[in-house]
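Listed below, chain by chain, are the residues.
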Amino acid sequence: MDLPAAARAAPVSTPVKIIFASSHDIDPALWIDPLSQAVPGAQVVPWRAGEPAVGAEAAVVWNPPAELFERERGLRVAFNLGAGVDGLFRLPTLPPQLPIVRLEDAGMAVQMAEYAAQALVRASRQFDDYAAQQRERRWLPLPELDRTQWPVGVLGLGVMGARVAQTLAGLDYPVAGWSRSGKAPAGVQAFAGMDALPDFLARTRVLVNTLPLTDETRDLLRRDTLSRLLPGAHLINMGRGQHLVEEDLLALLESGHVAGATLDVFRQEPLPADHPFWTHPRVTVTPHVAALSLRRETIAQVADKIRRFMRGEPVSGQVARQRGY
Ligand code: NDP
Ligand code: OXD
């Protein structure tokens, strides 16, 4: 997608000043120096609290402090070091017209596919039961897998969801996907928009969430939607914690309608030590690692986007502000 004319019209000054701001404790030697080297003509400087503006034209960010946008008034673009931009949109200081460019795949989609595949296969092939049998030294083959009993539904068919859906369809599970547009990879049954959500859920036993967090998708996974899933459902949440009403999932696990859940993202991260998910026998918790960002791939992609921005060329991955993703 092309950056708006406002972001491209004036040539960038050389050296272009880029401010790097991340909530993670990122070692500058590992990020800032390689990024500077990959973009000749760029000067990448770290964000430092309490200092005056550096006059940056571009920002490279991951959950940056709100003050960044109050202080750096000359920004023409922000490059997000992740696929999801909800952390940025939460900031009241984010200028409404500032173009946001997000990470596209960068080695994350294959990890999301692996994560979903392991959770699905573990449930459908009864590997937890075999683990229990091993503890009792029991040699007992369980009934074979009937894939027709394990229809998968993938929420979101973007960069992440499409790879997840294709991978699971490649394992011969019946796979459907839900998106706004209804675009779906070959072999994946497409459902589009809110009107189609009830039918999509009603044919799904294993629900895999890869949606971005927006006003429309917040709290989408709640009692009335999850209740529509086939009995013995399994939820795999890799989107955002705010998609899921956690008490509703606990109630449906209790009732047995949902048989299990594999959760990577939570309303509060880190998950508080006293949260019931930690000890629930049918919930698997991972610490937001379904896809880890890969430094080399991430730097290469962001550097390429910055070089294009500096040359006034189209930059892909621009977020549509009105849609929220
Ligand atoms: P994309 O923008 O490529 O895809 C988003 C998908 O969601 C699109 O298919 C879009 O539909 C669909 N969608 C958005 N809003 C709606 C809606 N209201 N109704 C129906 N469908 C909707 O994003 P990515 O695939 O790159 O990333 C998705 C999310 O995955 C990120 O925002 C992040 O939250 C999460 N993520 C989690 C990670 C982890 O480690 N847990 C790692 C990386 C990402 P359409 O195709 O029609 O536009
Ligand atoms: C992302 C994430 O959005 O890591 O990239 O969650």
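As a reminder, the structure under discussion sits directly above these lines.
No experiment lies behind these values; they were computed from the predicted model shown.

The rules we used
Residues numbered from 1 in each chain as written. Chains lettered and ligands numbered in written order. Predicted model: local features only at pLDDT ≥ 70, side-chain atom pairs only at ≥ 80, totals over all residues. Heavy atoms only, no water. Near = heavy atom within 4 Å. Polar contact = N/O pair within 3.5 Å; in protein donor to acceptor, adjacent residues only side chain to side chain. Nonpolar A, V, L, I, M, F, W, Y, C, P; charged D, E, K, R; others polar. Helix = DSSP H or I, 4+ residues; strand = E, 2+ residues; numbered from the N terminus. Buried < 20%, exposed > 50% of the residue type's maximum accessible area, 1.4 Å probe, protein only. Axes fitted to C-alpha atoms, helices over the stretch in contact; angles between N-to-C directions. Parallel < 35°, antiparallel > 145°, perpendicular 65-115°, else oblique. Left-handed = near helix turned anticlockwise from the far one by under 90°. Contact = heavy atoms within 4.5 Å. Pairing = 2+ DSSP bridges.

(A) Spotlight on the site of ligand 1. Lining the immediate environment of ligand 1, one finds 28 residues, of which Arg 102, Leu 157, Met 160, Ser 181 and Tyr 325 sit closest. Contact between ligand 1 and Met 160: an oxygen atom at 2.8 Å from a main-chain N or O atom of the residue. Here an oxygen atom of ligand 1 and a backbone polar atom of Ser 181 are 2.6 Å apart. Broken down by class, the residue content of the shell around ligand 1 amounts to 14 nonpolar, nine polar and five charged.

(B) Focus on the site of ligand 2. The full set of residues close to ligand 2 is Trp 62, Gly 82, Ala 83, Gly 84, Met 108, Arg 240 and His 288. Grouping the constituent residues of the shell around ligand 2 by class yields three nonpolar, three polar and one charged.

(C) Spotlight on unusual backbone geometry. The omega torsion across Glu 269 and Pro 270 is -5 degrees, close enough to zero to call that bond cis. With respect to the element layout, Pro 270 can be found in the loop between strand S11 (258–263) and strand S12 (283–285). Residues other than glycine seldom take positive phi values, yet Arg 137 does so here, at roughly 55 degrees. Within the secondary structure, Arg 137 is located in the loop between helix H6 (127–135) and strand S6 (152–155). Under the relative-accessibility criterion, Arg 137 is labelled exposed at 81%.

(D) Examining the packing of helix H5 (residues 109–124) against helix H7 (residues 159–170) more closely. Here H5 crosses H7 at 45 degrees, and the two axes come no closer than 8 Å. With respect to H7, the element H5 is oriented oblique. Both H5 and H7 take part in a crossing whose hand is right-handed. Every residue of H7 that contacts H5 at Ala 109, Val 110, Met 112, Ala 113, Ala 116, Ala 117 and Leu 120 is listed here: Val 159, Met 160, Arg 163, Val 164, Thr 167 and Leu 168.

(E) Layout of the sheet that holds S6. Overall, parallel pairing links the seven strands, which are arranged S8-S7-S6-S9-S10-S11-S12 in an open sheet. Two strands close off the open sheet at either side, each with one partner strand: strand S8 (189–192) and S12. Neighbour-to-neighbour, the strand axes of the sheet open up by a mean angle of 15 degrees, direction not taken into account. Where S6 and strand S9 (residues 206–209) come together, four bridges link them in parallel fashion. Bridging across to S9, Val 152 finds its partner in Val 206.

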